[in-house]
Every structure is written in C-alpha cells, then in structure tokens.
Amino acid sequence: MAGSAEERPCTVQQARLHGVDTERHVGKAPVVELAEVENAVDPLTLRTLRDYSFLTLGGLFLASFGIDWVLSDRVLRPVRSLNRP
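Here, residues in each chain are numbered from 1, in the same order as that chain's written sequence. Predicted model: local features are reported for residues with pLDDT of at least 70 only, side-chain atom pairs are reported and counted for 80 or more only, and whole-chain, interface and lining totals are derived from all residues. As a rule here, side-chain values come from all non-hydrogen atoms in the structure, and water together with hydrogens is ignored.

(A) A look at the overall build of the chain. Across its full length, the chain holds one helix and two strands. Segments assigned H or I by DSSP are reported as helices when at least four residues long, segments assigned E as strands when at least two residues long, and all are numbered from the N terminus. The N-to-C order of helical and strand elements in the chain reads β-β-α. Only heavy atoms enter the contact rule, under which two residues are in contact if any of them lie within 4.5 Å. Contacts in the chain between residues at least 24 apart in sequence constitute 31% of all its contacts with a sequence separation of at least 6. Computed with the Shrake-Rupley method and a 1.4 Å probe, the accessible areas treat only the protein chains shown as cover for residues. When the accessible surface of the chain is summed, it comes to about 7,800 Å², and 63% of that surface belongs to carbon and sulfur atoms.

(B) Structural context of the pattern of salt bridges. In the sections that follow, a salt bridge refers to a side-chain nitrogen of Lys or Arg positioned within 4 Å of a carboxyl oxygen of Asp or Glu. Applying the stated criterion to the full structure yields two salt bridges. The salt bridge partner of Arg-77 is Asp-73, with a shortest N-O separation of 3.2 Å. One end of the pair, Arg-77, and the other, Asp-73, are both in helix α1 (residues 34-83), four residues apart, so they sit about a helical turn from each other. The cut-offs for exposure are 20% and 50% of the maximum accessible area for each residue type, with area from a 1.4 Å probe on protein chains only; residues under the lower value are buried, those over the upper are exposed, and the others partly exposed. For Asp-73, a relative accessible area of 29% puts it in the partly exposed group.

(C) The arrangement of the packing of aromatic side chains in detail. Note on aromatic pairs: the rings of Phe, Tyr and Trp (six-membered ring only in Trp) are paired at centre separations within 6.5 Å, and the planes decide the class, stacked below 30 degrees, edge-to-face beyond 60, tilted for the rest. The tally for this structure, following the rule as stated, stands at two aromatic pairs. Where Phe-61 meets Phe-65, the ring centres are 6.4 Å apart and the plane angle is 25 degrees; that geometry is what we call stacked. Remark: Phe-65 and Phe-61 occur in helix α1; sequence separation between them is four residues, near one turn of the helix. Since its relative accessible area comes to 54%, Phe-61 is described here as exposed. Relative to Trp-69, the ring of Phe-65 has its centre 6.1 Å away and its plane inclined at 45 degrees; by these criteria the two rings are tilted. Here Trp-69 and Phe-65 lie together in helix α1, a separation of four residues that amounts to about one turn. On the basis of relative accessible area, Trp-69 is assigned to the exposed category, the value being 59%. Aromatic rings pair up to connect Phe-61, Phe-65 and Trp-69 into one cluster.

Spelled out as structure tokens, the structure:
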C-alpha cells in the first residue's frame, strides 16, 4: 500500500518546543494537523483495500470453480458408468 500513496499537500505549522524540566523555549518543529493526515490517508486506504478485495474475490471464485469441477466429475463418474452399454 505504501507504493500506491499519492502525495497530497498538507498545511505545515511550526510548534514551539519547550524543555522537559523547564518552561524555557528550545526551538521550533514542523507539525501537521491530524485531520489533514486522516483525510489524505483514509480514501487511499479504502481504494487500495477495495482493489485487493476484488482481486482476492476473483481468485477465490476461480479456485472454487476448479474444485467444484473436479468434485462433480468424481461424484458423477458412477452415474456415467451405469449409463454405458
């Protein structure tokens, strides 16, 4: 999923950093609003999950079709032998 991430611009703000033991101003660090990150990630995650779900569903359909084909052949084999002259 990381390979399909689209870059979207986020509003970067500066936060003041304070020391652990003191109220002294140490510097600034860039921060991003959590809501902006969630809005950027949620649609991409849902789209990627949908794509993988469809691929998995298609694979399961093909696998079940093949298994049913083999099992029905084995079940109907005695009936075919009864119909032969």
